[in-house]
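So you can see what is in the structure, the chains are spelled out below.
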Amino acid sequence: MSEATGTGGATTATEATERWDLGRVRVTSVVEAQTDGIPPALFFPAADEGMVRRHAAWLPPGTADDQGRVGLRVQAFVVEAGDLTVVVDPCVGNGRTRSLPFWNDQAWPFMERFRAAGFDPDAVDLVVHTHLHVDHVGWATRPDGDGGWAPTFPRARYLYVGDEVEAQAADHGDDAAAMRADSVEPIFAAGLAETVPADADLGAGLRLAPTVGHTPGHASLWLDGGERPVLITGDALHHPVQCAEPDIDFVSDADPAAARATRRRLLAEAVDTAAVVFGTHFPTRPAGTVAPAPDGQGGWRFTPVAGRT
Ligand SMILES: [Zn+2]
Ligand SMILES: [Zn+2]
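Starting afresh in each chain, residues are numbered from 1 along the sequence in its written order. Just so you know, chain letters begin at A and ligand numbers begin at 1, following the order they were written in. At least 70 in pLDDT is required for a residue's local features to be given in this predicted model, at least 80 for side-chain atom pairs to be given and counted, and no such filter applies to totals for whole chains, interfaces and linings, which use all residues. Side-chain numbers come from the whole structure's heavy atoms, not from hydrogens or water.

Once that is clear, we can look at the coordination of the zinc ion (ligand 2). Donor selection uses N, O and S atoms within 2.8 Å of the metal (3.2 Å for Na, K and Ca). Since no water is included, sites may look incomplete. Donor atoms from the polypeptide that bind the zinc ion (ligand 2) are Asp 135 (OD), His 136 (NE2), Asp 235 (OD) and His 281 (NE2), placed at 2.1 to 2.2 Å. Angles of 87 to 157° at the metal separate the four donor atoms of the zinc ion (ligand 2), which places the site in the irregular class. On the primary sequence, the residues serving as donors to the zinc ion (ligand 2) are separated as D-H-x98-D-x45-H. Distance-wise, the zinc ion (ligand 1) is placed 3.4 Å from the zinc ion (ligand 2), both being coordinated by Asp 235. One end of the pair, His 136, is in the loop between strand 6 (126-128) and strand 7 (141-143); the other, Asp 235, is in the loop between strand 14 (230-232) and helix 5 (241-244), and 99 residues separate them in sequence. Each residue gets one of three labels from its accessible area relative to the maximum for its type: buried under 20%, exposed over 50%, partly exposed in between, using a 1.4 Å probe on protein chains only. His 136 sits in the buried class, given a relative accessible area of 0%. Four donors are marked tetrahedral only if all angles between them lie between 85 and 135 degrees, whereas four are marked square planar and six octahedral if opposite donors are more than 155 degrees apart and the other angles lie between 65 and 115; the remainder are marked irregular. We count a stretch as a helix when DSSP gives it H or I for four or more residues in a row; a strand needs E for two or more, and each element gets its number in order from the N terminus.

Strand pairing in a sheet relies on backbone hydrogen bonds. The paired strands run either parallel or antiparallel. Here, a strand pair is defined by DSSP locating no fewer than two bridges between the strands. The strand order across the open sheet formed by seven strands is 11-12-13-14-15-16-17, and the pairing between neighbours is mixed. The sheet is open, and its two edges are formed by strand 11 (201-203) and strand 17 (300-304), each paired on a single side. The average undirected angle you get between the axes of adjacent strands in this sheet is 30°. Direction of pairing for strand 13 (residues 219-223) relative to strand 14: antiparallel, over a ladder of three bridges. If you follow Leu 221 over to strand 14, its bridge partner there is Ile 232. Inter-axis angles, ranging from 0 to 180 degrees, are taken between N-to-C directions of lines fitted to C-alpha atoms, where helices are fitted over the stretch in contact.

Right, let's talk about the coordination of the zinc ion (ligand 1) for a bit. His 131 (NE2), His 133 (ND1), His 214 (NE2) and Asp 235 (OD) make up the full set of protein donors to the zinc ion (ligand 1), lying at 2.1 to 2.2 Å. If you look at the zinc ion (ligand 1), its four donor atoms make angles of 90 to 173° with each other, and the shape they trace is irregular. Positions of the donor residues of the zinc ion (ligand 1) along the chain correspond to the pattern H-x1-H-x80-H-x20-D.

Let's shift gears to the side chain of Gln 168. Among the structural elements, Gln 168 can be located in helix 3 (residues 162-169). Relative accessible area serves as the criterion here: at 10%, Gln 168 is assigned to the buried category. By definition in these notes, contact holds between two residues if any of their heavy atoms fall within 4.5 Å. Apart from the residues within four sequence positions on either side, Gln 168 is in contact with Leu 132, Ala 176, Met 179 and Arg 180.

Turning next to the pairing of strand 16 (residues 287-292). Bridge count between strand 15 (residues 276-278) and strand 16: two bridges; the pairing is antiparallel. Note on strand 16: the bridge partner recorded for Val 277 is Gly 288. Inspection of the sheet shows strand 16 paired to strand 17 by five bridges, in the antiparallel sense. Paired with Val 290 across the strands is Phe 302, a residue of strand 17.

The next point concerns unusual backbone geometry. Negative phi values dominate among residues other than glycine, just as trans dominates among peptide bonds. Notably, Asp 105 is not glycine yet its phi reads approximately 50°, a positive angle. Checked against the element boundaries, Asp 105 lands in the loop between strand 5 (84-88) and helix 2 (110-116). Since its relative accessible area comes to 54%, Asp 105 is described here as exposed. Here the phi dihedral of Ala 274 falls at roughly 55°; this positive angle occurs in a residue that is not glycine.

Its 16 residues place the ends of helix 4 (residues 174-189) 21 Å apart at the C-alpha level, agreeing with the 22 Å of an ideal helix rising 1.5 Å per residue. What the bend at a residue measures is the angle between two axes, fitted to the seven residues ending there and to the seven starting there. Taking the largest bend as the criterion, helix 4 deviates by roughly 45°, centred on Arg 180. Taken together, the buried positions of helix 4 are occupied by Ala 176, Met 179, Arg 180, Asp 182, Ser 183, Val 184, Pro 186 and Ile 187. Buried residues along helix 4 sit against strand 7, strand 8 (149-151), strand 9 (157-161), helix 3 and strand 10 (193-196). Positive phi shows up at Gly 191, right after helix 4, with a value of about 75°. To estimate how far a helix should extend, the number of its residues minus one is multiplied by 1.5 Å.

What follows covers the pattern of salt bridges. Any Lys or Arg side-chain nitrogen found within 4 Å of a carboxyl oxygen on Asp or Glu counts as a salt bridge. Tallied over the entire structure, the rule returns 13 salt bridges. Across the salt bridge formed by Arg 207 and Asp 224, the nearest N and O atoms sit 2.9 Å from each other. Placement of Arg 207 in strand 12 (residues 206-210) and of Asp 224 in the loop between strand 13 and strand 14 is noted, with a sequence separation of 17 residues between them. A residue is classified by how much of its surface remains accessible, and Arg 207, at 32% relative accessible area, is partly exposed.

This is a description of form; function is not addressed.
Structure, rendered in structure tokens:
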């Protein structure tokens, strides 16, 4: 997949790996792909280009174009905290049979980028899935050479929120079944899976926090113990424009009212804690801080924190 593929935008594979040193915590974005020029209503049915353009004055460069079309990125965050190396939400993966044309049978150099960033799959301790959607699990596995799938990170514990596993098991759609078969069941079969509560303490300052709405068992990841708290959103937020417009639903939010309440609560917590927020699908500038919008305009604003490449 190298060009426009049904999202209305152009997908590129040129994103550089970027990393943020935040005291005792280091976060690296390993990009699978970013698509720019997407008509917002495709993923945010209540939004349009005019709504996005109203926020042009503060939206970070590279997150929307001057016509009000948005970018979305699929990326994994690799967290290094204490002795732990943690892969969060390992993207769509290559060679998967998926119903969305732009995610079907992909061939991205994701693992090449992962290694080029200095990471060794054998040295990953934890794999965290904020939720069980196809764009958050793919690189959990790799072809096993025999027509099946094997864990990509053979020494890692893979963590799943119990409520999310239960809810996902009730989804009998083609994608859900295919995802279980190629990205989840091989992990359980290998004995590497661990089911945890949505507020699990993972050690080394890492903890999950329930952020339901997008899916029934969705959890975000907080990292304490660095120079300031770090929050990895998962799909509680999809684009920085939702900071200003927290009531615009993502097209696949399972419980839109709960998702809106979660976005507002999470943004308020990010302000209260002065957290560095990593938006799992935020394009171009995925890390930043959040502040209330000025002059009673409502909502919040997202200001990027630059990493290094
Ligand atoms: Zn999702
Ligand atoms: Zn997603």
